[in-house]
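Each chain, letter by letter, is given below.
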Amino acid sequence: YFERGRTNMFGGPNNLRKMQDEDGILAVVTSVRDLSLFWTPAVASEEKNNGTEKDLYPTMVEAGQQIVVNTAVEVKRKGMILEFHQSLSLLKEDMLISKGRVYLMMINAETRRPTSKLPPWAWELLDVQDGVK
């Protein structure tokens, strides 16, 4: 889910491909930090759940539940590094499931060296004000 949030900030996978093919810039994940998973204790109720083990110890996220992905970006080193602050929450319960920071480094596709030369259209899509969106 984190991947989709980051990709969407660039306008989708086609724009990432455009940035690579037309602008010569690759966006490469270099690290993931402070990744946390949040769990809540299961409430056991044999009467309510018919005593089945699955119902007594439910997983926090089940098929069909809607998940919200929140993504914010912070610009580092003049755009050479983008720090994405990301979190996942259950929509109905407004319950935090996971959070973390994912770092992308911009790489010149030809030289394979770091660059801070994001194309203007990418800056516009990221809509960064004072280094943070």
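Before any of the text, the structure's been laid out above.
All values reported here derive from a predicted model rather than from experimental measurement.

(A) Spatial organisation of unusual backbone geometry. Residue R77 is not a glycine yet carries a positive backbone phi of 50 degrees. Along the chain, R77 turns up in the loop between β2 (67-76) and β3 (81-90). Even without glycine at this site, K78 takes up a positive phi of about 60 degrees. If you trace the backbone, K78 turns up in the loop between β2 and β3. Residue K78 is classed as exposed on the basis of its relative accessible area of 73%.

(B) The sheet that holds strand β4 (residues 95-108), seen in detail. What the four strands build is an open sheet, ordered β1-β4-β3-β2; its pairing is antiparallel. Strands at the two margins of the open sheet, each flanked by one partner only, are β1 (25-37) and β2. Here the strands of the sheet are splayed against their neighbours by 20 degrees on average, with no regard to which way each runs. With 10 bridges connecting them, β3 and β4 associate as antiparallel partners. Across the sheet, the residue bridging to Q86 is G100, located in β4. In the packing of helix α2 (residues 13-21) onto the sheet, the strands contacted are β1 and β4, and the crossing angle to β1 comes to about 135 degrees.

(C) Structural view of the pattern of salt bridges. Using the criterion set out here, one finds four salt bridges in the structure. Put simply, E83 and K76 hold a salt bridge, and the shortest N to O gap is 3.2 Å. E83 is the salt-bridge partner of R101, the closest N and O atoms lying 3.3 Å from each other. Of this pair, R101 sits in strand β4 while E83 sits in strand β3, placing them 18 residues apart in sequence. Each member of the salt-bridge network shares a partner with another, and the members are D34, E74, K76, E83 and R101.

(D) Local environment of the side chain of S89. Within the element layout of this structure, S89 appears in strand β3. When neighbours within four sequence positions are excluded, S89 is seen to be in contact with Q66, I67, V68, M95, L96 and I97.

(E) Seen up close, the pairing of β3. With nine of its 10 residues buried, β3 lies for the most part within the structure. Sheet topology places β2 next to β3; 10 bridges connect them, and they run antiparallel. Residue V69 lies in a different strand from β3, and its bridge partner there is L88. Linking two consecutive strands that pair antiparallel, namely β3 and β4, is a turn of four residues; a positive phi of about 50 degrees is found at D94 within it.

(F) Spotlight on the nonpolar core. Counting residues in each nonpolar core, the largest one holds 15 residues, and the members touching the most others are F10, M19, L82, F84, M106, L118 and L126. Taken together, the elements giving at least two residues each to this core come down to β2, β3, β4 and α5 (120-126). Counting residues per element, this core draws most heavily on α5, which supplies three residues. Ignoring any residue separated from it by four or fewer positions in sequence, one finds M19 in contact with F10, G24, I25, A27, M106, L118, P119, W121 and A122. Core analysis: the second largest hydrophobic core is formed by six residues, L26, M80, I81 and M105 among them.

Calculation notes
Residues numbered from 1 in each chain as written. Predicted model: local features only at pLDDT ≥ 70, side-chain atom pairs only at ≥ 80, totals over all residues. Heavy atoms only, no water. Helix = DSSP H or I, 4+ residues; strand = E, 2+ residues; numbered from the N terminus. Buried < 20%, exposed > 50% of the residue type's maximum accessible area, 1.4 Å probe, protein only. Pairing = 2+ DSSP bridges. Axes fitted to C-alpha atoms, helices over the stretch in contact; angles between N-to-C directions. Contact = heavy atoms within 4.5 Å. Salt bridge = Lys/Arg side-chain N within 4 Å of Asp/Glu carboxyl O. Core = buried A, V, L, I, M, F, W, Y, C linked by side-chain atoms within 4.5 Å.

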